[in-house]
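# Survey of secondary and tertiary structure
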Amino acid sequence: MDIRETDSEYVAATYSRFPLTVTGGQGSVLVGDDGRKYIDLGTGIAVNTFGMCDGEWVEAVKKQLDTCGHTSNLYYTEPCAVLAKMLCERTGMKKVFFSNSGAEANECAIKAARRFAFRKYGDESRSTVITLKSSFHGRTVTTLAATGQDAFHTEFGPFTGGFVYAEAGDLDGLEALCKQGCCAVMFECVQGEGGVNALDADFVHGIFGLCEKYGILTIADEVQCGNGRSGKLYAYMNYGVTPDIVTNAKGLAGGLPLGATMFGERAADIYTPGSHGSTFGGNPICAAGAVNVLSRIDDDLLAGVVRRSEIIRSYLAGKPGIVSISGMGLMLGIETVKSAADVITYCREHGVLVLSAKNRVRLLPALNIPEDLLLRALEVIAASAAE
Ligand SMILES: *Cc1c(COP(=O)(O)O)cnc(C)c1O
């Protein structure tokens, strides 16, 4: 069977895949069906926190697979409880709802914010959620509405109502929207799909000040920037703030589908039995993978993320064809004179896999990528940019 031909014929054409079939790999090295090895700086879009087929993670997941797979949420299971406790202890949050993806984690947060306002004001007059321009919050009809990028909206309307967009950095604009009546401000501390933009500290503090002033919730979408990627466990921790709701997915289970919506003090009791649910959410196998991932994101590992980030920045800064570097930790965007697409192609042809976000080359390597591999990949990126 020709895999690419069969895939193109039968899989819905939503992805323009690169001409590469991945057959396996280990850590930060992927293997293609051409037998070639590739240094992976994309990790399945910030999902494979410790790279492909990480030994310890595989062991933890296999053990759970052999013990207790799926049960539904009608029963208690150990990994789900352990993971929720771990997430709360590491963040100070009070409750966690588990789902399967980032979009669902955000849906859960949006529903919660609306219910919060409904209970406070007795009607739906404050149901609007403010999000930011250039944000990305998912592909469902509601999370697309939350996504502040017109490009994703064309031809899919009508959308769920109740979303308005503020410009990142514009506190006056944000306050004007707050005054119109809303229930929450939702933001990514580091916008991923929007081009790898870390929000300014003043702006983030401003969001929290306004939410306090207007009695509304802060929702940090940590789906991409969370789970150690920013150099702290969650990116909001770099800003010294505590959101009311934190949404989580991509890297959480290290390669398995798991979403989590975490609720702080003010939001902990919004959901009551029967008011929300998920068939797969908190599945023991995914939760066991996540327990392994979270238990390994310790101070040492985070220091390694910061060190690798500095290696990347200092290696690429000022090299020919490199215009600027944005982002935080191991979530970096590189603006090149050449188009991002051309850099991606050159890199792949030279054995390095990188991503793009808007006009930038996006790097999301494994948090434990060996530094020699990282340097080899950087040589290729620099050569591509200089060409
Ligand atoms: C990827 C992403 C989502 C959507 O996650 P899915 O698992 O694809 O539904 C939401 N928010 C952010 C910030 C993301 O990067």
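Residues numbered from 1 in each chain as written. Predicted model: local features only at pLDDT ≥ 70, side-chain atom pairs only at ≥ 80, totals over all residues. Heavy atoms only, no water.

### Re the overall build of the protein chain
Counting secondary structure elements, the protein chain contains 12 helices and 17 strands. A compact globule built from 387 residues should have a C-alpha radius of gyration of about 21 Å, and the protein chain, at 21 Å, falls within 12% of that. Overall, the C-alpha framework of the protein chain stretches about 60 × 50 × 45 Å when taken along its three principal axes. Per-residue burial for the protein chain yields a buried fraction of 55% across its 387 residues. For the protein chain, restricting intrachain contacts to residue pairs at least 6 apart in sequence, the fraction spanning at least 24 positions comes to 73%. Of the accessible surface of the protein chain, which amounts to about 17100 Å², a share of 53% is contributed by carbon and sulfur atoms. With 35 positive and 44 negative side-chain charges, the protein chain shows a separation of 3 Å between the mean positions of the two kinds. (Helix = DSSP H or I, 4+ residues; strand = E, 2+ residues; numbered from the N terminus. Rg over C-alpha atoms; globule rule 2.2 N^0.38 Å. Buried < 20%, exposed > 50% of the residue type's maximum accessible area, 1.4 Å probe, protein only. Contact = heavy atoms within 4.5 Å. Areas by Shrake-Rupley, 256 points an atom, 1.4 Å probe, with all protein chains shown as cover. Lys, Arg positive; Asp, Glu negative; His and termini not counted. Charge placed at Lys NZ, Arg CZ, Asp CG, Glu CD.)

### Thoughts on the site of the ligand
As a matter of local geometry, the ligand sits amid Ser101, Gly102, Ala103, Asn106, Phe136, His137, Gly138, Glu188, Asp221, Val223, Gln224 and Lys250. Interatomic distance of 2.8 Å between a side-chain N/O atom of aspartate 221 and a nitrogen atom of the ligand. In the model, an oxygen atom of the ligand is placed 2.6 Å from a nitrogen or oxygen of the lysine 250 side chain. Computed on the free molecule, the ligand has an accessible area of 380 Å², of which 81% lies beneath the protein chains in the complex. Sort the elements by how many residues they give to the shell around the ligand and helix 5 (residues 102-121) lands first, with three residues. When grouped by side-chain class, the residues that make up the shell around the ligand number three nonpolar, six polar and three charged. (Near = heavy atom within 4 Å. Polar contact = N/O pair within 3.5 Å; in protein donor to acceptor, adjacent residues only side chain to side chain. Nonpolar A, V, L, I, M, F, W, Y, C, P; charged D, E, K, R; others polar.)

### Some words on the state of the cysteines
Tallied over the entire structure, the rule returns zero disulfides. You can see cysteine 80 has no disulfide; the closest cysteine sulfur is in cysteine 286, sitting 11 Å from it. (Disulfide = S-S within 2.5 Å.)

### With respect to the layout of surface pockets
As a volume, the second largest pocket reaches approximately 820 Å³. Elements with a contribution of two residues or more to the lining of the second largest pocket: helix 4 (78-91) and strand 4 (95-99). Looking at the lining of the second largest pocket, the element that brings in the most residues is helix 4, giving five residues. Residues of the lining of the second largest pocket, tallied by class, amount to 17 nonpolar, 15 polar and four charged. (1 Å grid on protein atoms, 1.4 Å probe; cavity = no way out; pocket = protein on both sides within 12 Å on 5 of 7 lines; lining within 4 Å. Points joined across faces, edges and corners; volume = space filled by probe spheres on them.)

### Considering the packing of aromatic side chains
Counted by the stated rule, this structure contains four aromatic pairs. Seen from their ring centres, tyrosine 234 and tyrosine 236 are 6.4 Å apart, and the 10° between their planes marks the pair as stacked. The cationic tip of arginine 126 hangs over the ring face of tyrosine 121; the distance from NZ or CZ to the ring centre is 3.9 Å. (Phe/Tyr/Trp six-rings, centres within 6.5 Å; stacked < 30°, edge-to-face > 60°. Lys NZ or Arg CZ within 6 Å of the ring centre and 35° of its normal.)

### Considerations on helix 1 (residues 3-10)
Within helix 1, only zero of the eight residues are buried, which leaves the element largely exposed. N-cap assignment for helix 1: the residue whose side-chain oxygen lies 3.1 Å from the backbone N of arginine 4 is aspartate 2.

### Things to note about unusual backbone geometry
Note that the residue after glycine 157, namely proline 158, is joined by a cis bond; omega there is 0°. With respect to the secondary-structure elements, proline 158 resides in the loop between helix 6 (141-146) and strand 6 (163-166). Residues other than glycine seldom take positive phi values, yet cysteine 53 does so here, at roughly 50°. Looking at the element boundaries, cysteine 53 is found in the loop between helix 2 (43-46) and helix 3 (55-67). A positive phi angle, close to 60°, is found at asparagine 227, a residue other than glycine.

### As for the sheet that holds strand 15 (residues 352-353)
Taken together, the four strands give an open sheet; going across it, the order is 1-2-3-15, and neighbouring strands pair in mixed fashion. Of all strands in the sheet, those with a lone pairing partner are strand 1 (22-26) and strand 15, marking the two edges. Against the sheet, helix 12 (residues 371-386) contacts strand 2 (29-32), strand 3 (37-40) and strand 15, and its axis sits at roughly 95° relative to strand 3. (Pairing = 2+ DSSP bridges. Axes fitted to C-alpha atoms, helices over the stretch in contact; angles between N-to-C directions.)

### With respect to the nonpolar core
Leu41 and Leu87 are the most contacted members of the largest nonpolar core, which totals 93 residues. Setting aside its immediate chain neighbours within four residues, leucine 41 contacts Val352, Leu353, Val354, Arg362, Leu363, Leu364, Pro365, Ile369, Leu374, Ala377 and Ile381. Among the nonpolar cores identified, the runner-up in size contains 22 residues, and Cys108, Ala113, Phe163 and Ile245 belong to it. (Core = buried A, V, L, I, M, F, W, Y, C linked by side-chain atoms within 4.5 Å.)

### Here's the deal with the packing of helix 10 (residues 299-316) against helix 12
The interhelical angle for the contact between helix 10 and helix 12, taken along N-to-C directions, is 25°, at an axis separation of 10 Å. Considered as vectors, helix 10 and helix 12 are oriented roughly parallel to each other. Considering how the two elements wind past one another, helix 10 and helix 12 form a crossing that is right-handed. Where helix 10 abuts helix 12, its residues Arg307, Arg308, Ile311, Ile312, Tyr315 and Leu316 lie against Glu371, Leu374, Leu375, Leu378, Glu379, Ile381 and Ala382. In terms of residue class, the contact of helix 10 with helix 12 is built from nine nonpolar, no polar and four charged. (Parallel < 35°, antiparallel > 145°, perpendicular 65-115°, else oblique. Left-handed = near helix turned anticlockwise from the far one by under 90°.)

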